[in-house]
Amino acid sequence: MPSESAICNYITVDRLRERNEPVRMFGESNADVIKRLSRLENEDTETKCSEDFERNQKPYLKDFSRENKSEENVDVYEDDIDMTMSDLMEMSKKLEKGNVQLDCELVHNFFSFIMKKWAIELNSRTDEVKRTANGKRAASTHSQTREYLQPLFRQLKFYSVAGDIREHLVNITICLLNRNYIEANNHYMQMAIGNAPWPVGVTASGIHKRPGSEKLYVRNVAHVLNDETQRKYIQGLKRLMSRCQIFYPTDPSRSVEFGGVTL
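Residues numbered from 1 in each chain as written. Predicted model: local features only at pLDDT ≥ 70, side-chain atom pairs only at ≥ 80, totals over all residues. Heavy atoms only, no water.

- The name given to the chain in an unreviewed UniProt entry is Pre-mRNA-splicing factor 18, with the source organism recorded as Trichinella zimbabwensis.
- Here the chain is described in UniProt, under the heading Sequence similarities (unreviewed entry), as follows: "Belongs to the PRP18 family."
- According to its UniProt record, the chain has this under Subcellular location (unreviewed entry): "Nucleus". (UniProt positions renumbered as here; feature names shortened; annotations may be inferred.)

Encoded structure:
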């Protein structure tokens, strides 16, 4: 039967091998080996405790950083556009029939201008107001609107907007510049839901073109139902139209829901 010291030696050797450590260093006695094993086990314990502490702290640190980030980043993005309403008015006077580039630039610059003016208004609030529930909701609405309009702005930037959509956008922009919000809303409704009966059932039953079939063209069909992207930027446009009426009020007879404009 092995002695107690021999059993201790076996256990010491096994523990050292588990850690991929040499069983005996040059010149070590049995006592030195035991001390080295004890030191290694203490280091392992400290490392494990440290890893457990960091793992348990991660959720709290993440929440803390999120709170700090939300507190620091209370401002909304301001579009980089250096134009005034007078510049946009002058630009609108240069519009020509069929000038796609000028049409797209006018629409893009105008709605970017309104987005920036809205952002400046939100960023000018005090930090206390920004951190309230209503303040955060207003900032969130601005950010959401900007996100919704990105696909449209991208098409305007590359002059790839569909012709009928571009025509409606130009008409809306001109009416907004002239502060005729009733007429702008009419053009918006034509773009959003169309002004002709919706096609239901068979629209082409033969080889000959039916009388009035041109009314089924995309300009007379509800764009809001075409896809999710169009539905979102149409909603974003409506918000900017409402903001424009707030920034540049006019006579009640030319306003939409005068005194009660909402987003």
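So much for the structure itself; the text now carries on.
### Some words on helix 3 (residues 85-92)
Here's step 1: Along helix 3, the residues that are buried comprise Met85, Leu88, Met91 and Ser92. Viewed along the axis of helix 3, the buried residues span an arc of 120°, placing them on a single side of the element.
Here's step 2: For helix 3, the secondary structure elements touched by its buried residues are helix 4 (100-123) and helix 7 (163-177). (Buried < 20%, exposed > 50% of the residue type's maximum accessible area, 1.4 Å probe, protein only. Helix = DSSP H or I, 4+ residues; strand = E, 2+ residues; numbered from the N terminus. Arc of directions from axis to C-beta. Contact = heavy atoms within 4.5 Å.)

### Things to note about the packing of aromatic side chains
Aromatic ring pairs are reported here in terms of the distance separating the ring centres and the angle at which the planes meet.
Here's step 1: With the rule as written, the count across this model stands at one aromatic pair.
Here's step 2: Taken together, a centroid distance of 5.2 Å and an interplanar angle of 80° make the contact between phenylalanine 110 and phenylalanine 111 edge-to-face.
Here's step 3: Judged by its relative accessible area of 2%, phenylalanine 111 is buried.
Here's step 4: Taking the ring centre of phenylalanine 247 as reference, the NZ or CZ of lysine 117 above it sits at 5.7 Å.
Here's step 5: Over the aromatic face of tyrosine 188 sits the side chain of lysine 238, whose NZ or CZ is 5.4 Å from the ring centroid. (Phe/Tyr/Trp six-rings, centres within 6.5 Å; stacked < 30°, edge-to-face > 60°. Lys NZ or Arg CZ within 6 Å of the ring centre and 35° of its normal.)

### Considerations on the packing of helix 7 against helix 9 (residues 228-247)
Here's step 1: Closest axis-to-axis distance for the helix 7/helix 9 pair is 11 Å, and the angle between their directions is 10°. Relative to helix 9, helix 7 is oriented roughly parallel. Here helix 7 and helix 9 pass one another in a crossing that is right-handed. Contact residues: Ile165, Leu169, Ile172 and Leu176 in helix 7; Tyr233, Leu237, Met241 and Cys244 in helix 9.
Here's step 2: Residue composition of the contact of helix 7 with helix 9, by class: eight nonpolar, no polar and no charged. (Axes fitted to C-alpha atoms, helices over the stretch in contact; angles between N-to-C directions. Parallel < 35°, antiparallel > 145°, perpendicular 65-115°, else oblique. Left-handed = near helix turned anticlockwise from the far one by under 90°. Nonpolar A, V, L, I, M, F, W, Y, C, P; charged D, E, K, R; others polar.)

### As for the pattern of salt bridges
Here's step 1: Using the criterion set out here, one finds eight salt bridges in the structure.
Here's step 2: Of the charged contacts in the structure, one is a salt bridge between arginine 36 and glutamate 28, with a shortest N-O distance of 2.8 Å. Both residues of the pair, arginine 36 and glutamate 28, belong to the buried class.
Here's step 3: Note that lysine 93 and glutamate 90 form a salt bridge whose closest N and O atoms lie 3.6 Å from each other.
Here's step 4: With a relative accessible area of 44%, glutamate 90 lands in the partly exposed category. (Salt bridge = Lys/Arg side-chain N within 4 Å of Asp/Glu carboxyl O.)

### Some points on the layout of surface pockets
Here's step 1: In this structure, the largest pocket encloses a volume near 250 Å³.
Here's step 2: Tyr77, Asp79, Asp80, Ile81, His108, Asn109, Ser112, Gln150, Phe153, Arg154 and Lys157 together form the lining of the largest pocket.
Here's step 3: Put simply, the parts of the chain that give the lining of the largest pocket at least two residues each are helix 4 and helix 6 (133-157).
Here's step 4: By residue number, the principal contributor to the lining of the largest pocket is helix 6, which donates four residues.
Here's step 5: For the lining of the largest pocket, the residue count by class is three nonpolar, four polar and four charged. (1 Å grid on protein atoms, 1.4 Å probe; cavity = no way out; pocket = protein on both sides within 12 Å on 5 of 7 lines; lining within 4 Å. Points joined across faces, edges and corners; volume = space filled by probe spheres on them.)

### A short note on helix 7
Here's step 1: In a regular helix each residue adds 1.5 Å, so 15 residues correspond to 21 Å; helix 7 covers 21 Å between its end C-alpha atoms and thus fits that length.
Here's step 2: Among the 15 residues of helix 7, 11 are classified as buried, and the element is accordingly described as predominantly covered.
Here's step 3: For helix 7, the complete set of buried residues consists of Asp164, Ile165, Arg166, His168, Leu169, Val170, Ile172, Thr173, Cys175, Leu176 and Leu177.
Here's step 4: Tucked inside the fold, the buried residues of helix 7 contact helix 3, helix 4, helix 6, helix 8 (181-193) and helix 9.
Here's step 5: Backbone geometry just after helix 7 places arginine 179 at a positive phi near 60°. (Expected span 1.5 Å × (residues − 1).)

### Re the packing of helix 7 against helix 8
Here's step 1: The contact between helix 7 and helix 8 brings their axes to 8 Å, and the two run at 165°. Taken together, the axes of helix 7 and helix 8 are roughly antiparallel relative to one another. Handedness of the helix 7/helix 8 crossing: left-handed. Of the residues in helix 8, those touching helix 7 at Ile165, His168, Leu169, Asn171, Ile172, Cys175 and Leu176 are Tyr181, Glu183, Ala184, His187, Tyr188, Gln190 and Met191.
Here's step 2: Taken together, the residues that form the contact of helix 7 with helix 8 break down as nine nonpolar, four polar and one charged.

### Things to note about unusual backbone geometry
Here's step 1: Although it is not a glycine, tyrosine 159 sits at a positive phi angle of roughly 55°.
Here's step 2: Structurally, the position occupied by tyrosine 159 is in the loop between helix 6 and helix 7.
Here's step 3: Not every positive phi belongs to a glycine, and arginine 179 is a case in point at roughly 60°.
Here's step 4: You can see arginine 179 is positioned in the loop between helix 7 and helix 8.

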